[in-house]
Amino acid sequence: MSSALTDLCRYPIVQAPMAGGASCPQLAAAVSDAGGLGFLAAGYKTADGMYQEVKQIRGLTGQPFGVNLFMPQPNTADPAAVGVYRQQLAGEAAWYETPLGDPDSGRDDGYEAKLAILLDDPVPAVSFTFGCPTRDVLDSFAKAGTFTVVTVTTPEEAQAAQWAGADAVCVQGIEAGGHQGTHRDDPAADGSGLGLLSLIGLVRETVQLPVVATGGLMRGSQIAAVLAAGASAAQLGTAFLVCPESGANVLHKQAMTNPLFVRTELTRAFSGRPARGLVNRFMREHGPYAPAAYPQVHHLTSSLRKAAAKAGDPQGMALWAGQGHRMARELPAGQLVEVLAAELDSARAALALGGA
């Protein structure tokens with residue numbers, strides 16, 4: 001690992017910030033205590049909600065942790081397309097007996113207020129998704145002593161992060177569960193994302209920054225593979241989603257290994273942005289017609305997803321999952337970190353023997 005990452009965690013294992021409740025203080029603290037780097041997800045929370053979670057995790061662990069922010073989104077959505085999709089979802093609203101949400105609930109996710117809090121009361125690490133902050137913002141975090149990471153999905157995005165002054169890039173392969181962290185949402189590029197190992201190689205040849213690799217990683221042997229490919233650390237989301245400390249809905253956790261859900265796909269059905277989840281009824285029926293409109297579609301479907309969860313119906317929920325979801329292990333987060341670290345050591349030893 002790079003020396004800066006070594007200062008943050010004993011093992012090259014980062015728990016992905018999963019917005020929507022999974023990456024709660026209890027999960028992040030357990031990962032950090034075990035020697036990994038736990039992350040809070042500030043996305044979809046108010047600035048005060050984020051601040052309260054930061055206070056909470058500080059009461060749970062004295063180890064370093066991170067906070068992830070969503071970048072504000074440009075207003076590129078077609079209101080007419082959002083209106084058509086709203087009409088299509090009318091049957092869902094009737095079925096779940098809940099009104100659809102307001103698509104114009106906001107595009108900046110409280111970004112400026114969250115920046116102000118994190119610069120006033122710094123945390124060890126901050127990562128960014130859906131874009132790259134300005135050099136002024138990243139310089140401010142550097143002065144505050146905060147390690148910064150920008151999520152990237154192409155070598156060009158990695159180059160932009162390096163130019164802006166990021167300390168590291170989180171290289172996200174197409175295998176990853178949840179939203180693709182592309183800096184620009186281009187519908188013409190849907191499905192054209194790069195696999196993680198290819199992307200690590202391309203990014204390593206483009207920038208000089210440390211790489212945190214993420215996308216479908218579930219075992220220590222896979223962590224060894226991305227480290228051998230040039231990454232400094234591995235970030236895992238789906239692997240930690242099923243831990244008892246995770247704040248994910250129990251139906252979401254159970255779906256990871258439920259034989260009813262056999263595959264994942266990228267879809268815009270729930271949020272208007274490409275995101276990988278388990279294929280269910282909602283995704284099949286609405287995915288082909290969802291417009292490129294984030295976060296408008298996210299706000300529109302929010303009440304439906306909550307109502308489906310309350311009704312115990314995973315067929316109407318956003319079941320975000322990486323391609324390796326069937327390998328999920330229901331272990332306490334700290335134990336999972338230890339198991340992954342042991343598997344990593346075994347894989348490295350086997351590689352060393354093979355090369356001897």
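In case you missed it, the structure is sitting above this.
Residues numbered from 1 in each chain as written. Predicted model: local features only at pLDDT ≥ 70, side-chain atom pairs only at ≥ 80, totals over all residues. Heavy atoms only, no water.

J.: Explain the packing of helix H3 (residues 47-60) against helix H6 (residues 111-120) to me, please; I cannot follow it from the model alone.
T.: For any two helices packed against each other, the geometry is given by the interaxial angle and the distance between the axes. Contact geometry for H3 and H6: axes closest at 9 Å, N-to-C directions at 30°. Of the possible angle classes, the one that applies to H3 and H6 is roughly parallel. Crossing of H3 over H6 shows right-handed handedness. When H3 is examined against H6, the residues Ala47, Met50 and Tyr51 are found in contact with a partner set consisting of Ala113, Lys114, Ile117 and Leu118. For the contact of H3 with H6, the per-class residue count stands at six nonpolar, no polar and one charged. (Axes fitted to C-alpha atoms, helices over the stretch in contact; angles between N-to-C directions. Helix = DSSP H or I, 4+ residues; strand = E, 2+ residues; numbered from the N terminus. Parallel < 35°, antiparallel > 145°, perpendicular 65-115°, else oblique. Left-handed = near helix turned anticlockwise from the far one by under 90°. Contact = heavy atoms within 4.5 Å. Nonpolar A, V, L, I, M, F, W, Y, C, P; charged D, E, K, R; others polar.)

J.: For this particular structure, what's the right way to read the packing of H6 against helix H7 (residues 135-144)?
T.: Running from amino to carboxyl end, H6 crosses H7 at an angle of 25°, the nearest separation of the two axes being 10 Å. Between H6 and H7, the angle is such that the two are roughly parallel. Where H6 crosses over H7, the two elements pack in a sense that is left-handed. Residues Tyr111, Leu115, Leu118 and Leu119 of H6 form the contact with H7, whose own contacting residues are Val137, Ser140 and Phe141. Residue classes in the contact of H6 with H7 are distributed as six nonpolar, one polar and no charged.

J.: Is there a simple way to think about the pairing of strand E8 (residues 211-214) in this case?
T.: Taken residue by residue, a regular strand's side chains alternate between the two faces of the sheet. Every second residue of E8 is oriented toward a common face, with Val211 and Ala213 on one face and Val212 and Thr214 on the other, all of them buried. Sheet analysis places E8 next to strand E9 (residues 233-236), joined by three bridges and oriented parallel. Among the inter-strand pairings, Thr214 is bridged to a residue of E9, identified as Gln235. In this fold, E8 hands off to helix H10 (residues 220-228), which returns the chain to E9; that crossover is right-handed. (Buried < 20%, exposed > 50% of the residue type's maximum accessible area, 1.4 Å probe, protein only. Pairing = 2+ DSSP bridges. Right-handed = clockwise from strand over helix to strand, strands pointing away.)

J.: What is the right way to read the pairing of strand E11 (residues 275-278) from this model?
T.: Direction of pairing for strand E7 (residues 178-179) relative to E11: antiparallel, over a ladder of two bridges. In the sheet register, Gly178 faces E11, and the bridge partner there is Arg276. Note that strand E10 (residues 264-267) and E11 share four bridges and pair antiparallel. Paired with Thr264 across the bridge in E11 is Leu278.

J.: How should I be thinking about the sheet that holds strand E6 (residues 168-172) in this particular structure?
T.: Whether parallel or antiparallel, the strands of a sheet pair through hydrogen bonds between backbone atoms. The eight strands are arranged E1-E9-E8-E6-E5-E4-E3-E2 in an open sheet whose pairing can be described as parallel. Since the sheet does not close on itself, it has two edges, and those belong to strand E1 (13-15) and strand E2 (38-41), each with one partner. Adjacent strand axes in the sheet meet at a mean angle of 25° when their direction is disregarded. Here H10 sits on the sheet in contact with E1, E8 and E9, set at roughly 135° to E9.

J.: Please clarify how the pattern of salt bridges should be interpreted in this entry.
T.: Should their charged atoms come close, side chains of opposite charge can pair. Applying the stated criterion across every chain yields a total of eleven salt bridges. As a salt-bridge pair, Lys114 and Asp109 come within 3.0 Å of each other at their nearest N and O atoms. Judged by its relative accessible area of 22%, Asp109 is partly exposed. (Salt bridge = Lys/Arg side-chain N within 4 Å of Asp/Glu carboxyl O.)

J.: Explain unusual backbone geometry here, please?
T.: A negative phi angle characterises most non-glycine residues, just as the trans form characterises most peptide bonds. That bond from Tyr294 to Pro295 is cis: its omega, 5°, falls within 30 degrees of zero. One non-glycine residue, Tyr44, lies in the positive phi region at around 70°. Along the chain, the position of Tyr44 falls in the loop between E2 and H3. Overall, Tyr44 belongs to the partly exposed group, its relative accessible area being 30%. Positive phi is not limited to glycine here, since Asp109 has a value of about 55°. For Asp109, the location among the structural elements is in the loop between helix H5 (90-96) and H6.

J.: Got a minute to help me understand the nonpolar core in this structure?
T.: Across soluble globular proteins, nonpolar side chains have a tendency to be buried as a group. One finds Val67, Leu69, Phe128, Val169, Val171, Leu236 and Phe240 to be the most contacted residues of the largest nonpolar core, which totals 98 residues. Per-element tally for this core: the top contributor is helix H15 (residues 333-355), with seven residues. Residues in contact with Phe240, not counting those within four places in the same chain, are Ile13, Val14, Gln15, Met18, Leu27, Val31, Ser246, Ala333, Leu336, Val337 and Leu340. (Core = buried A, V, L, I, M, F, W, Y, C linked by side-chain atoms within 4.5 Å.)

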